[in-house]
Amino acid sequence: MTEEAPPFGRLYLQVFACAACVLPTASYVLAGFGWQPSAIGVGTALAGVAATAAAPGWGWLDDRVRWAPPVALTGCAVAAALTAATLGHVAHAVTWAGLAAFGATEGPLDAFLTTRILGSGRHAARLGSIRAFGSIGWVIGLVVAAAVLTAWPQHAEWVLYAAALLAITASRSWGKRTRVPNADPAGPAPHRRRRGLGSLPLRPVLGVLAFTFPTSLVMSSVVQFTAGWARQTLGAGPFLALSPIALSAALELPLFPVVDRLAVRLPARALAVLAGPPLAVATAVLALAPSTVTVLLVQPLVAASFCLWFLGQSRMLAEAVPPGQQGAGQTLGAALSSGASSLLAGVGGGQVADALGYGGLFATLAGVSVAGATLGLVLATTSHRRDVVASGRTSR
């Protein structure tokens with residue numbers, strides 16, 4: 001019997017609302033507890049490190065069983081609740097550990113959903129349009145976070161309780177209905193049971209990240225530090241500090257269907273290369289003319305970059321990884337991309353902000369975007385020439 005398809009849109013909404021209550025708000029919450037940028041950066045970086053370290057296990061598991069996502073969501077809820085209960089009462093190291101646990105369990109969720117959508121025939125061509133529900137969830141999560149921070153400014157940690165509630169309800173929504181696209185409903189084949197973590201598709205994943213990682217790094221930095229920058233530099237309150245991130249997510253709603261249509265005409269690697277230039281312009285503007293007006297005006301560029309990056313990376317991974325390892329490929333790719341970028345953005349970005357100020361940080365990010373787009377263009381041109389040569393040899 002075929003299992004009922006999961007409620008993709010609702011799950012994207014709940015998963016991203018949960019993430020929005022933690023990842024972009026962490027810098028604001030921790031700054032309110034007196035943390036310095038470098039210490040905040042370590043905490044956000046550890047979430048990325050944990051996500052990357054846990055990715056091989058989650059990906060391996062997801063190719064074999066149907067219950068990995070609900071378990072991960074339950075772990076998110078527990079990690080967020082325990083971090084909220086201890087924040088401000090314990091040493092920084094304990095809060096860092098809580099953020100790491102949240103990252104390890106939240107990290108694979110986007111990839112879990114992407115794998116299932118790309119593996120379902122009727123939904124695959126609408127990946128971006130369905131992923132737009134995640135953007136709605138991101139906005140909802142930011143609104144919830146801003147409302148909590150405004151209503152109870154002395155209890156900023158309550159934002160994490162909101163994340164825990166969203167995660168546990170998403171786990172219930174997922175339930176036991178989710179189908180694993182790459183697995184036999186009767187269970188994994190014997191040769192798959194013997195396959196260990198050493199068989200993860202690391203090489204094709206790293207080939208994809210050569211195109212997509214610079215954009216991921218800059219995007220992670222913008223998400224992690226925008227709220228803290230707005231609070232410390234612009235004197236913004238919770239709603240104003242989080243509104244740029246919410247606006248960017250809201251703009252993804254009309255942009256994702258456009259990029260879906262663009263993906264029909266362009267190769268996936270072209271989408272990945274095109275993601276860099278808009279982000280370079282956005283960060284350069286923030287470095288040269290920091291203000292409440294400019295941070296809002298650049299959000300369409302940030303949203304366009306994200307949509308191009310997400311669809312480019314997801315489709316490149318689907319093309320590069322063997323069918324039986326789609327779960328591992330998407331999970332590992334997302335974790336290495338987001339996890340490693342969170343690490344570098346958190347630690348490196350925090351150090352740059354301490355040394356050069358937030359203006360220096362955004363100028364550095366603009367340079368990274370330009371360099372990444374240039375590298376991607378060179379790699380795409382080289383790959384195209386190889387394909388043409390290979391096609392000519394095959395025809396002869």
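Residues numbered from 1 in each chain as written. Predicted model: local features only at pLDDT ≥ 70, side-chain atom pairs only at ≥ 80, totals over all residues. Heavy atoms only, no water.

1. Digging into the overall build of the chain
Part 1 of the argument: Check the secondary structure of the chain and you find 16 helices and zero strands.
Part 2 of the argument: The burial tally for the chain puts 55% of its 396 residues in the buried class.
Part 3 of the argument: Once local pairs closer than 6 in sequence are excluded, the contacts in the chain between residues at least 24 apart make up 86%.
Part 4 of the argument: Summed over its atoms, the accessible surface of the chain is roughly 16100 Å², and 68% of this surface lies on carbon and sulfur atoms. (Helix = DSSP H or I, 4+ residues; strand = E, 2+ residues; numbered from the N terminus. Buried < 20%, exposed > 50% of the residue type's maximum accessible area, 1.4 Å probe, protein only. Contact = heavy atoms within 4.5 Å. Areas by Shrake-Rupley, 256 points an atom, 1.4 Å probe, with all protein chains shown as cover.)

2. Regarding the nonpolar core
One recurring pattern in soluble globular proteins is that nonpolar side chains are buried together.
Part 1 of the argument: Core analysis: the biggest nonpolar cluster contains 89 residues, and Y12, W138 and F310 have the highest contact counts within it.
Part 2 of the argument: Dropping the residues within four chain positions of it, Y12 is found in contact with D110, L113, T114, I117, L127, I130, R131, F133, G134 and F310.
Part 3 of the argument: One finds L209, A272, L317 and L336 within the second-largest nonpolar core, a separate group that totals 17 residues. (Core = buried A, V, L, I, M, F, W, Y, C linked by side-chain atoms within 4.5 Å.)

3. Comments concerning a nonpolar patch on the surface
Part 1 of the argument: A cluster of nonpolar side chains, contributed by V49, L343, L344 and V347, occupies part of the molecular surface with about 280 Å² of accessible area.
Part 2 of the argument: A total of three residues in the nonpolar patch trace back to one element, the largest contributor, which is helix α16 (residues 326-395).
Part 3 of the argument: Position of L343 relative to the elements: it lies in helix α16. (Patch = residues over 30% accessible without salt bridge, like charges linked within 9 Å, V, L, I, M, F, W, Y side chains within 5 Å. Salt bridge = Lys/Arg side-chain N within 4 Å of Asp/Glu carboxyl O.)

4. Remarks on helix α3 (residues 37-62)
Part 1 of the argument: For α3, which comprises 26 residues, the first-to-last C-alpha distance of 36 Å matches the rise-based estimate of 38 Å (1.5 Å per residue) to within 8%.
Part 2 of the argument: Residue A55 marks the point of greatest curvature in α3, where the axis turns by about 45°; the proline P56 follows within four residues. (Expected span 1.5 Å × (residues − 1). Bend = angle between axes of the 7 residues up to and from the residue.)

5. Some remarks on the confidence of the model for the chain
Part 1 of the argument: Chain-level pLDDT for the chain is 81 on average; 88% of the residues reach the 70-or-more range.
Part 2 of the argument: Mean pLDDT in the chain bottoms out at helix α9 (residues 190-193), which sits at 38, and peaks at helix α13 (residues 276-288), which reaches 93.
Part 3 of the argument: Here residues 176-196 scores under 50 on pLDDT; set against residues more than four positions off or in separate chains, the count is 41 contacts. (pLDDT = per-residue confidence, 0-100.)

6. A word on the packing of helix α7 (residues 127-151) against helix α11 (residues 238-265)
Part 1 of the argument: Closest axis-to-axis distance for the α7/α11 pair is 8 Å, and the angle between their directions is 170°. In terms of orientation, α7 lies roughly antiparallel with respect to α11.
Part 2 of the argument: Split into classes, the residues belonging to the contact of α7 with α11 amount to 21 nonpolar, four polar and three charged. (Axes fitted to C-alpha atoms, helices over the stretch in contact; angles between N-to-C directions. Parallel < 35°, antiparallel > 145°, perpendicular 65-115°, else oblique. Nonpolar A, V, L, I, M, F, W, Y, C, P; charged D, E, K, R; others polar.)

7. A closer look at the packing of aromatic side chains
Part 1 of the argument: Within this structure, the stated rule accounts for nine aromatic pairs.
Part 2 of the argument: With centroids separated by 6.0 Å and ring planes inclined at 85°, the aromatic side chains of F256 and F310 adopt a geometry described as edge-to-face. Of this pair, F256 sits in helix α11 while F310 sits in helix α15 (residues 299-320), and the two are 54 residues apart along the sequence. Neither residue differs from the other here; F256 and F310 are each classed as buried.
Part 3 of the argument: What links up through ring pairs into an aromatic cluster is the set F256, F306, W309 and F310. (Phe/Tyr/Trp six-rings, centres within 6.5 Å; stacked < 30°, edge-to-face > 60°.)

8. Things to note about the packing of helix α6 (residues 109-118) against α15
Part 1 of the argument: α15 packs onto α6 with a crossing angle of 65° between their chain directions and a minimal axis gap of 11 Å. In this structure, the crossing between α6 and α15 has a hand that is right-handed. Here D110, T114 and L118 of α6 lie close against α15, whose contacting residues are F310, S314, R315 and A318.
Part 2 of the argument: Split by residue class, the contact of α6 with α15 holds three nonpolar, two polar and two charged. (Left-handed = near helix turned anticlockwise from the far one by under 90°.)

9. Points about the state of the cysteines
Part 1 of the argument: Counted according to the given criterion, the structure contains zero disulfides.
Part 2 of the argument: As a non-bridged cysteine, C76 has C18 as the owner of its nearest cysteine sulfur, 5.1 Å distant. (Disulfide = S-S within 2.5 Å.)

10. Comments concerning the environment of A236
Part 1 of the argument: Looking at the element boundaries, A236 is found in the loop between α10 (202-233) and α11.
Part 2 of the argument: Overall, the relative accessible area of 6% leaves A236 in the buried class.
Part 3 of the argument: Measuring from C-alpha to C-alpha, the distance between A236 and T292 comes to 8.7 Å, with 56 residues separating the pair along the chain.
Part 4 of the argument: Here A236 is in contact with Y28, A230, R231 and A241, once residues within four sequence places are set aside.

11. Describing α13
Part 1 of the argument: Spanning 13 residues, α13 covers 19 Å between terminal C-alpha atoms, matching the ideal 18 Å at 1.5 Å per step.
Part 2 of the argument: Among all positions of α13, only G276, P278, L279, A280, A282, T283 and L286 are buried.

12. A word on the side chain of S248
Part 1 of the argument: Structurally, the position occupied by S248 is in helix α11.
Part 2 of the argument: Once you skip the residues sitting within four places of it in the chain, S248 turns out to touch Q299, V302 and A303.

13. Topic: the environment of A328
Part 1 of the argument: Along the chain, the position of A328 falls in helix α16.
Part 2 of the argument: Residue A328 is classed as buried on the basis of its relative accessible area of 3%.
Part 3 of the argument: Each C-alpha atom of the pair A328 and L61 lies 8.1 Å from the other, and the pair is 267 residues apart in sequence.
Part 4 of the argument: Those residues within four positions of A328 in sequence are excluded, and the remaining contacts are G59, W60, D63, L200 and P201.

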